[in-house]
Amino acid sequence: MPSMSETENPNNGAHPPSDESSSKTWRNIDEIAAREDFEDFLKENYPREHVIMRRSGLDRRSFLKIMGASLTLSGFALQGCAPSPTDERIIPYVRVPEEVIPGRPLYFASTMVLGGYGTGVVIETHEGRPHRLEGNADHPASLGGSNAIIQANVLELYNPDRAVEVRNAGNLSSFDEFVSAMQGAMAVSGDGTGVHLLTETITSPTVASQIEALQEAMPNATWHQYEPVSRDNIVAGAELAFGEVVNSVYDFSQASVILSLDGDFLSSMDGSLHYARDYAANRKVFLDGEEPEISRLYAVESAPSLTGAAADHRIKVKASEVELFARALAAELGIETDFSMDEAPWDSQTLTAIAEDLTANAGESLVVTGAWQSPAVHALVHAINAELGNVGTTVTYTEPVEVNPVNQTEDLRTLTDAMSAGEVGALFIFGGNPAFTAPNDIEFASALANVPFSVHLSYYNDETSELCTWQIPQKHFIETWGDARAFDGTASLMQPPIGPLLDTTRSEIDMLALMTGDDRSSFDIVQAYWEANYDGDDFDGFWRRALHNGVIEETAFEPMEPTLVADLAGAVGSYEAPQAEGLEVIFQPDPYIYDGRFAQNSWLQELPKPFNKLTWDTAMLVNPVTARELRLDTGNLAELSYGGEIVQMPVWVLPEQPEGSVTVYLGYGKEGGADVDAGFAFNAYAIRPSGNMWFGQGVEVSSARRSYTLANTQIELNFESYEEHPPVETASLSFFLENLDFAGYDGDTDKTLLPDYNADYAGYQWGMTIDLSACIGCNACMVACQSENNSPSVGKTEVERGREMHWIRVDRYYDADDDSTKFQPVPCMHCEQAPCEQVCPVQATVHSEEGLNQMVYNRCVGTRYCSGNCPYSVRRFNFLDYVDDTPILDELRNPNVSVRSRGVMEKCTYCVQRINSARIDANVENRRINDGEVMPACATACPTQAIVFGDIAESTTQVSQLKAQPHNYGLLAETGVRPRTTYLARLTNPNENLHASAEAESEEA
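Reading the values: the criteria
- Residues numbered from 1 in each chain as written.
- Predicted model: local features only at pLDDT ≥ 70, side-chain atom pairs only at ≥ 80, totals over all residues.
- Heavy atoms only, no water.
- Phe/Tyr/Trp six-rings, centres within 6.5 Å; stacked < 30°, edge-to-face > 60°.
- Buried < 20%, exposed > 50% of the residue type's maximum accessible area, 1.4 Å probe, protein only.
- Lys NZ or Arg CZ within 6 Å of the ring centre and 35° of its normal.
- Salt bridge = Lys/Arg side-chain N within 4 Å of Asp/Glu carboxyl O.
- Core = buried A, V, L, I, M, F, W, Y, C linked by side-chain atoms within 4.5 Å.
- Contact = heavy atoms within 4.5 Å.
- Axes fitted to C-alpha atoms, helices over the stretch in contact; angles between N-to-C directions.
- Helix = DSSP H or I, 4+ residues; strand = E, 2+ residues; numbered from the N terminus.
- Parallel < 35°, antiparallel > 145°, perpendicular 65-115°, else oblique.
- Nonpolar A, V, L, I, M, F, W, Y, C, P; charged D, E, K, R; others polar.
- Left-handed = near helix turned anticlockwise from the far one by under 90°.
- 1 Å grid on protein atoms, 1.4 Å probe; cavity = no way out; pocket = protein on both sides within 12 Å on 5 of 7 lines; lining within 4 Å.
- Points joined across faces, edges and corners; volume = space filled by probe spheres on them.
- Pairing = 2+ DSSP bridges.
- Polar contact = N/O pair within 3.5 Å; in protein donor to acceptor, adjacent residues only side chain to side chain.
- Disulfide = S-S within 2.5 Å.

### Points about the packing of aromatic side chains
Each aromatic ring pair is specified by the distance between its two centres and by the angle formed by the two planes.
For step 1, the next point in the chain: A full pass over the atoms with the stated rule returns 32 aromatic pairs.
For step 2, the next point in the chain: Measuring from ring centre to ring centre gives 6.1 Å for F735 and F742, while their planes differ by 80°; the resulting arrangement is edge-to-face.
For step 3, the next point in the chain: Classification of F735 as partly exposed rests on a relative accessible area of 39%.
For step 4, the next point in the chain: For F742, a relative accessible area of 18% gives the class buried.
For step 5, the next point in the chain: Here a set of aromatic residues connected by ring pairs shows up, and it is made of Y250, F252, F265, Y275, Y279 and F487.
For step 6, the next point in the chain: Of note, K670 hangs over the ring of F436, and the distance from its end group to the ring centre comes to 4.8 Å.
For step 7, the next point in the chain: Here the basic side chain of R688 rests over the ring of W694, its NZ or CZ set 4.6 Å away from the ring centre.

### What to know about the pattern of salt bridges
For step 1, the next point in the chain: The full count for this structure, using the stated rule, is 36 salt bridges.
For step 2, the next point in the chain: Across the pair E798 and R801 runs a salt bridge whose closest N-O atoms are separated by 2.9 Å.
For step 3, the next point in the chain: Look at R801 and you get exposed, because its relative accessible area is 55%.
For step 4, the next point in the chain: Among the ionic contacts, a cluster of salt bridges with common partners joins R132, E134, E788 and R914.

### Digging into the nonpolar core
For step 1, the next point in the chain: Core analysis: the largest hydrophobic core is formed by 232 residues, its most contacted members being F265, L427, F444, M620 and L640.
For step 2, the next point in the chain: With residues up to four places along the chain from it excluded, the contact list for F265 reads F252, I258, S260, S272, Y275, Y279, L297, T307 and V368.
For step 3, the next point in the chain: In terms of nonpolar packing, the next biggest core, distinct from the first, is built from 42 residues, F428, M511, A546 and I552 among them.

### Remarks on the packing of helix 19 (residues 508–516) against helix 20 (residues 522–532)
For step 1, the next point in the chain: Between helix 19 and helix 20, the least distance of the axes is 9 Å, while the angle of their chain directions is 90°. Taken together, helix 19 and helix 20 sit at an angle that is classed as roughly perpendicular. Within the contact between the two elements, helix 19 uses I509, D510 and A513 and helix 20 uses S522, I525 and V526.
For step 2, the next point in the chain: Of the residues belonging to the contact of helix 19 with helix 20, the class tally is 4 nonpolar, 1 polar and 1 charged.

### Let's talk about the packing of helix 20 against helix 21 (residues 539–549)
For step 1, the next point in the chain: Put simply, helix 20 and helix 21 touch, their axes get as near as 11 Å, and they point 120° apart. The angle between helix 20 and helix 21 falls in the class oblique. Taken as a pair, helix 20 and helix 21 cross one another with a handedness that is right-handed. When helix 20 is examined against helix 21, the residues F523, V526, Q527, W530 and E531 are found in contact with a partner set consisting of F539, F542 and W543.
For step 2, the next point in the chain: Residue classes in the contact of helix 20 with helix 21 are distributed as 6 nonpolar, 1 polar and 1 charged.

### Considering empty space enclosed by the protein
For step 1, the next point in the chain: As enumerated under the stated definition, the model contains 17 cavities of 30 Å³ or more in all.
For step 2, the next point in the chain: Its boundaries defined by the atoms lining it, the second largest cavity holds a volume of some 930 Å³.
For step 3, the next point in the chain: What lines the second largest cavity is a set of 43 residues, and nearest its centre among them are V113, E200, Q474, K475 and R597.
For step 4, the next point in the chain: Only strand 1 (106–114), helix 6 (148–158), helix 16 (434–437), strand 17 (482–485) and helix 19 provide two or more residues apiece to the lining of the second largest cavity.
For step 5, the next point in the chain: Partitioning the lining of the second largest cavity into residue classes produces 15 nonpolar, 18 polar and 10 charged.

### Examining the sheet that holds strand 10 (residues 296–301)
For step 1, the next point in the chain: Within the open sheet, the 4 strands sit side by side as 11-10-9-12. Their pairing is parallel. The open sheet has two free edges, formed respectively by strand 11 (313–316) and strand 12 (365–369), since each of these has just one partner strand. Pairs of neighbouring strands in the sheet enclose a mean axial angle of 10°, with direction left out of account.
For step 2, the next point in the chain: Where strand 9 (residues 257–261) and strand 10 come together, 5 bridges link them in parallel fashion. Within strand 10, the residue paired with S260 across the bridge is A299.

### As for the sheet that holds strand 7 (residues 222–225)
For step 1, the next point in the chain: As summarised here, the arrangement of the 7 strands in space is 5-4-16-15-14-6-7, forming an open sheet in which the pairing is mixed. With partners counted over all chains shown, the strands left at the sheet margins are strand 5 (171–172) and strand 7, one partner each.
For step 2, the next point in the chain: Bridge count for strand 6 (residues 195–199) against strand 14 (residues 426–430) is 5 bridges, and the pairing is parallel. Following the sheet pairing, L198 is matched in strand 14 by I429.
For step 3, the next point in the chain: Along the sheet, helix 15 (residues 408–420) contacts strand 6, strand 7 and strand 14; its crossing angle with strand 7, the most-contacted strand, is approximately 130°.

### Describing the environment of T909
For step 1, the next point in the chain: Residue placement: T909 occurs in the loop between strand 35 (905–906) and helix 32 (912–924).
For step 2, the next point in the chain: Taking the C-alpha atoms as reference, T909 lies 6.7 Å from Q854; in sequence the two are 55 residues apart.
For step 3, the next point in the chain: Among residues more than four places away in sequence, those in contact with T909 are N789, W807, H830, L852 and Y857.
For step 4, the next point in the chain: A distance of 3.3 Å separates a polar atom in the side chain of T909 from the backbone nitrogen of V912.

### Notes on the pairing of strand 14
For step 1, the next point in the chain: Most of strand 14 sits inside the fold, with 5 of its 5 residues counted as buried.
For step 2, the next point in the chain: Of the strand pairs in this sheet, strand 14 and strand 15 (residues 453–458) are connected by 5 bridges, and their pairing is parallel. Bridge pairing links L427 to S454 in strand 15.

### Focus on the state of the cysteines
Every disulfide links exactly two cysteines, by a covalent bond between their sulfur atoms.
For step 1, the next point in the chain: Applying the stated criterion across every chain yields a total of 0 disulfides.
For step 2, the next point in the chain: C860 takes part in no disulfide bond, and the closest cysteine sulfur to it belongs to C866, at a distance of 6.4 Å.
For step 3, the next point in the chain: A relative accessible area of 16% places C860 in the buried class.
For step 4, the next point in the chain: Distance from the sulfur of C911, which forms no disulfide, to the nearest cysteine sulfur (C785) is 6.2 Å.
For step 5, the next point in the chain: Residue classification places C911 among the buried residues on the basis of a relative accessible area of 6%.

This is a description of form; function is not addressed.
This is the structure we're talking about:
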């Protein structure tokens, strides 16, 4: 029988004729716009265009006209709406760049800015695609380490939710139209009268020079700065103590005794990565014949922090009581402050013991405080460090890092008043989101309506963008040239390994150049600034070194010697001592979404918070005693009333929270958040006044008589759940030196029915140690693993079901005996006697000849027997197609790691792709892999170098030497699985006087 010809078959012989709804033919745009599956197809195949249509409010026909027929021709004639897996363009290099070797990553040094301060990073690229971020070992602000925000920032580059088009009054426009409108608005002024510029904190020398040029060209133009997480109290405290603004730089490597007064130097202070590295180096114990010494840390704090968790003694007090403690300590040390108190809210022995310990270590002690404490506390800390002789050793002073250190809250108020009075004709807002983050008594959003011409350079279409007449999409720092200074003044460059992903984006430098009529590129502007400020003869060499090393040489600020004001008591006395009365509220930036700017970052939203392991949401922290008094429990919705404003917030009962106060975190209540999606807005900014930006008294909390579902990733346990062998083995240093074998299991772990793999081993044997004395619980390892291994985010609903996909977790344990918090990273242990391998019916999980517990994904049939047999619960099952198929996210993923499909088991692989890469290099050079040459993603990200990986077959490797330490132990070693990942016990250095007193009180209780 003759076959039907292709011309006779309407589907070219491939498929039978389809029904009318999926016809390939169309006659005009109206027919396509009328298709029922129009929006579904657009969302599936053209997510960027779908976002544009949704946000612009255009009807289908108008949208198609604007986007052009090329969009419709490219995809609307496809059969149905399902994307074809083979529709991928392959474009070969015509001329291969010399430095590009397929399969080999390239690395570029750059600078990430947060809060105005720069941190050196290294951008890893694959064939031109930025894939991940690491710390720059040559940069003083990172020293090679990173944190969760740095690790997750590469997702910001590819985030499908970022702003993509220039908009005018909410409608799509073009950059040329904006330029015409801007020139007209600025021409009205001439000398800059009515022209205002609002930026975030600026430390960039190039941007500072551009603003200076703008003010020279337009003398009456006004520059304002505002960030909700500002340094206002730091600036005011320095002026109070010295009569001038100075910058404090700390050296924790020289500090034997440290006192933190609400100063979270391990995670939230400028320079915290550097400080965490120095602090951890003084806490690690390695027995090599000499008696070890470690530093001692006291933390007096009003809210849970990573610094408090790491402390040898943590004193929980209300926020107002921190200042009382600082005043009392200064008086104890003989500093005249004209302050006395009848009854202290803490044990008197505690204050005396701390003062004596600081005095005994004068010159080698250090006192720090945080940005949220009052100017009086900052001034007192300066005086205490001077009294102890710490200036010049553990603390030095430099000129301010900020270009223009001002009180940013008052600066925003000044701008708002000018807008309300109609004195602002043109407002340029570069970054930030002041309409959302402004204090509730500064009506910035409503005043913005009085400005005839306003423009917002923003990364997302946020609350401020919606109110401005123009929105310009902002470049990511990976896409632009620029510079910034670090916490010690060191300057470094931003260099983009790629061009802008979107043609519509601009940077601060681009916009300022436009305002001043400078037609140079951002590269030319940055290079010209440094060439003009270079004193040497070889600028090209200087420039190349700056780009290569990620640091501009000899730019760190020189130490200065400011003098304390003569009447410090009078200066501090100008701030009335607080009265610790009533319930207090503490405002803090969220550990991961910060001030709200990372609320659209799914990696950070799903990353468990350090203390309550909460994901996708925020909660008000309440002490159990306070919760009982208020009749609240975890998951209740509560109403917070403060200053006449009310906001609802879910409750989380947490022992680490001090009694008589509640902590709320900034940044939630934005579109796209889990709280808003559920019909709520947990917006702490709504009750945050300008007069009390960090804590306030007289707050009222009552039950809303409703509940709210919170998703967390750890069952609430304490050490009582582990009677004999707690997961985190802990001891004081003195106890350890007298009982070297205190950690771990001392029974027989060799008895097993499983085969002994050691007989088959030859060559490398990979293993890992994690030093719990150095782990600070920052969770950088979790995001680093997710970025390296293409692990998906699953969303709040799946987390509630226990289906999170992180390959490593950081468990948190609270010890009621000494009121301490302990963290423990838990990856796959790669057991020698792996119970998972014995139950897999298809040998999808197998032991390698180098000791790795491997997963063969294409064998896995999803029985999950291995997960049920794992004593550590570290295996993750891909229940659903969690991988976001938005095309732009394909550029983000690591090409060296497969993207797993639904229905397979996943887990930590010790980053086997990195092992194999190092193996190839070693084989080519006919040598063994060097110690330290292989670094899993978790180890490279760790800011404290708590994670060490290497070959345990060689006794000289660092990991082997650490495993030989007496405080090395295996988690759940009593099960006989013999894990390749082991831990070094957490060793502390408590003050024996306070330790004995605490034990006596505990026994009496």
